[in-house]
Amino acid sequence: MSFDLLESAKNIFNNNVVSQASSQLGESEGGIQKALSGIVPVVLSGLLNKAGSSGNAGSLLDMVKGVAGDANPGAVAGAIQGGAGGLLAKGADLLRSLFGEKVDAIISMVSNFAGIKESSAGTLLQSAAPATLGTVGQYAVQNNLTPNSFLSLLDTQKDKILGAIPGGLNITGMLGLGSIGELGKKLGGLASGLGSAATTTAGAVNLKQANSSNRWIWSLLLILIAIILLWYLMRGCGGNKTGTTTTDSISTGQLADSASMTVPSPTAAATTRESIKVTLPDGTVLDAFKGGIEDQLVAFLKDDSRKPGKDVWFDFDNLNFKTGSAELTEESMKQVGNIAAILKAFPKSKIKIGGYTDRTGDSTANLRLSKERATSVLTALKKQNANEAQLLGAEGYGSQFAKAAADAPDEERKKDRHISVSVREK
């Protein structure tokens, strides 16, 4: 499963942490939970802003790695209770690194948003900052991230982080930005710049290789012309001789074969999918492909040992949209109908639809398009008489979980463009 920075950070602040913070700070658990719901994305937004502004990804990477050990509930609870050995001081330093002189204003903003005392908001921010940033640090350590791959990670996570900032927290105003989108573009532009630099370098190498290849081909052609000319002259000098020189003929033939082999033109073999019949518990028989979504989904729903959940996803494999839109093609309705039939045959099952895009284009537009396409599939299922109680909604994730780079070949990027079904109950 793809890494989800926001959810990983949120999971640190479990019910036990909330309860202890409520008791220690004299605040309601609801107030603590509301404060933390804003603090986590605010701290991560500060990291995004710093990464998009400073141009020093190396020092930021070292910073988050330095607090990787603090990304756990015990450290947070200990800091709130005053027994964490300087973690609050560490948190204060981290906040100053991210927000500078705006820290006090952010504390006041969180206090007003959650309805808790400023002193409580300050303690929560200082204890939560190391744990939240430590989540990034843990992932960076485990995956040996470089400064460039660290920036790429933040770029893939930014849409969800920025989208999680509550409306009552004007973090963009605090950072002197006009909008959330402006913050996202700063980081996106920096990440794109890194990709462009890599592409330029690769292009220079390819150009050099191409020039070298062209010189070789021209040399080969000149040799070929010289041999033909020599054969013609020797034939002319031979008067009435009609025979040709065997060696020349063989040499010419060998060169021609060699030249043609340097530019092969293989024909790619078409992949043929195996058609199968999928029989449902109610006797309905579906036309599908072996290993396709119908095949996998029915096998999963029949297997009592496999549990449903938010991590269980199956990709549509015969679903298409009209270019640049969320309108399903007519051919796609067959698979939509098959999923509706599966839901009817398994009435206890409940699903959610997810939409995904690759990394090309504007990330905000991609997020919107993925949501629209997921919703389009959900609407189509309803029109196919799927039980609405079994449909838990649709969500777009944009390029958040895309694996291929924006400049990767389309064959790689198309794997990131899909609509999926998550089985939440069975």
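Residues numbered from 1 in each chain as written. Predicted model: local features only at pLDDT ≥ 70, side-chain atom pairs only at ≥ 80, totals over all residues. Heavy atoms only, no water.

**With respect to the side chain of Glu294**
Now for step 1: Assignment of secondary structure puts Glu294 in helix α13 (residues 293–302).
Now for step 2: Summary of buried charges: Glu294 has no salt-bridge partner, and the nearest side chain of opposite charge, Arg273, is 6.8 Å away.
Now for step 3: At 3.2 Å, the side chain of Glu294 forms a polar contact with the side chain of Gln335.
Now for step 4: Not counting chain neighbours up to four residues away, the residues in contact with Glu294 comprise Val278, Leu286, Asp287, Ala288, Asp317, Gln335, Asn338 and Ile342. (Helix = DSSP H or I, 4+ residues; strand = E, 2+ residues; numbered from the N terminus. Buried < 20%, exposed > 50% of the residue type's maximum accessible area, 1.4 Å probe, protein only. Lys, Arg positive; Asp, Glu negative; His and termini not counted. Salt bridge = Lys/Arg side-chain N within 4 Å of Asp/Glu carboxyl O. Polar contact = N/O pair within 3.5 Å; in protein donor to acceptor, adjacent residues only side chain to side chain. Contact = heavy atoms within 4.5 Å.)

**Some words on the packing of helix α4 (residues 57–66) against helix α8 (residues 118–142)**
Now for step 1: One way to put it is that α4 packs onto α8 with a least axis distance of 7 Å and a crossing angle of 100 degrees. Relative to α8, α4 is oriented roughly perpendicular. Residues Leu61, Met63, Val64 and Lys65 of α4 touch α8, and the partners they reach there are Leu133, Gly134, Val136, Gly137, Ala140 and Val141. (Axes fitted to C-alpha atoms, helices over the stretch in contact; angles between N-to-C directions. Parallel < 35°, antiparallel > 145°, perpendicular 65-115°, else oblique.)

**Things to note about helix α9 (residues 147–163)**
Now for step 1: When the terminal C-alpha atoms of α9 are compared, their 25 Å separation across 17 residues agrees well with the 24 Å that a helix rising 1.5 Å per residue should span.
Now for step 2: The largest bend in α9 comes to about 50 degrees, at Gln157.
Now for step 3: Those residues of α9 not exposed but buried are Phe150, Leu151, Leu153, Leu154, Thr156, Gln157, Lys158, Asp159, Ile161 and Leu162. (Expected span 1.5 Å × (residues − 1). Bend = angle between axes of the 7 residues up to and from the residue.)

**Comments concerning the confidence of the model for the chain**
Now for step 1: The pLDDT averaged across the chain works out to 80; a share of 78% of its residues lies at or above 70.
Now for step 2: Low pLDDT (under 50) marks residues 193–210, which in the prediction has four contacts with non-local residues, meaning those over four places away or in another chain.
Now for step 3: For residues 235–270, every residue scores under 50 in pLDDT, and the model assigns this stretch twelve contacts once sequence neighbours within four places are set aside. (pLDDT = per-residue confidence, 0-100.)

**Examining the environment of Gly78**
Now for step 1: Mapped onto the fold, Gly78 is located in helix α5 (residues 73–80).
Now for step 2: In this structure, the C-alpha to C-alpha distance between Gly78 and Ser127, residues 49 residues apart in sequence, is 8.8 Å.

**As for the pairing of strand β2 (residues 285–289)**
Now for step 1: Only one face of β2 is covered, namely the face carrying Leu286 and Ala288; the face carrying Val285, Asp287 and Phe289 is uncovered.
Now for step 2: Both strand β1 (residues 275–279) and β2 contribute to a ladder of five bridges, which runs antiparallel. Looking at the pairing, Thr279 lines up with Val285 of β2.
Now for step 3: A loop of five residues connects β1 with β2, the two strands running antiparallel in sequence, and Gly283 in this loop sits at a positive phi of about 95 degrees. (Pairing = 2+ DSSP bridges.)

**As for the sheet that holds strand β4 (residues 350–356)**
Within a sheet, each strand pairs with its neighbour through backbone hydrogen bonds, oriented either parallel or antiparallel.
Now for step 1: The sheet built from four strands is open, its strands ordered β3-β6-β4-β5 with mixed pairing. Each of the sheet's edge strands pairs with one partner strand only, and the pair in question is β3 (313–315) and β5 (391–396). Taken pair by pair, the neighbouring strands of this sheet meet at an average axis angle of 25 degrees, ignoring direction.
Now for step 2: Bridge count between β4 and strand β6 (residues 418–425): seven bridges; the pairing is antiparallel. Residue pairing across strands places Ile353 opposite Val421, the latter belonging to β6.
Now for step 3: α13 rests against β3 and β6 of the sheet, and its axis sits at about 155 degrees to β3.

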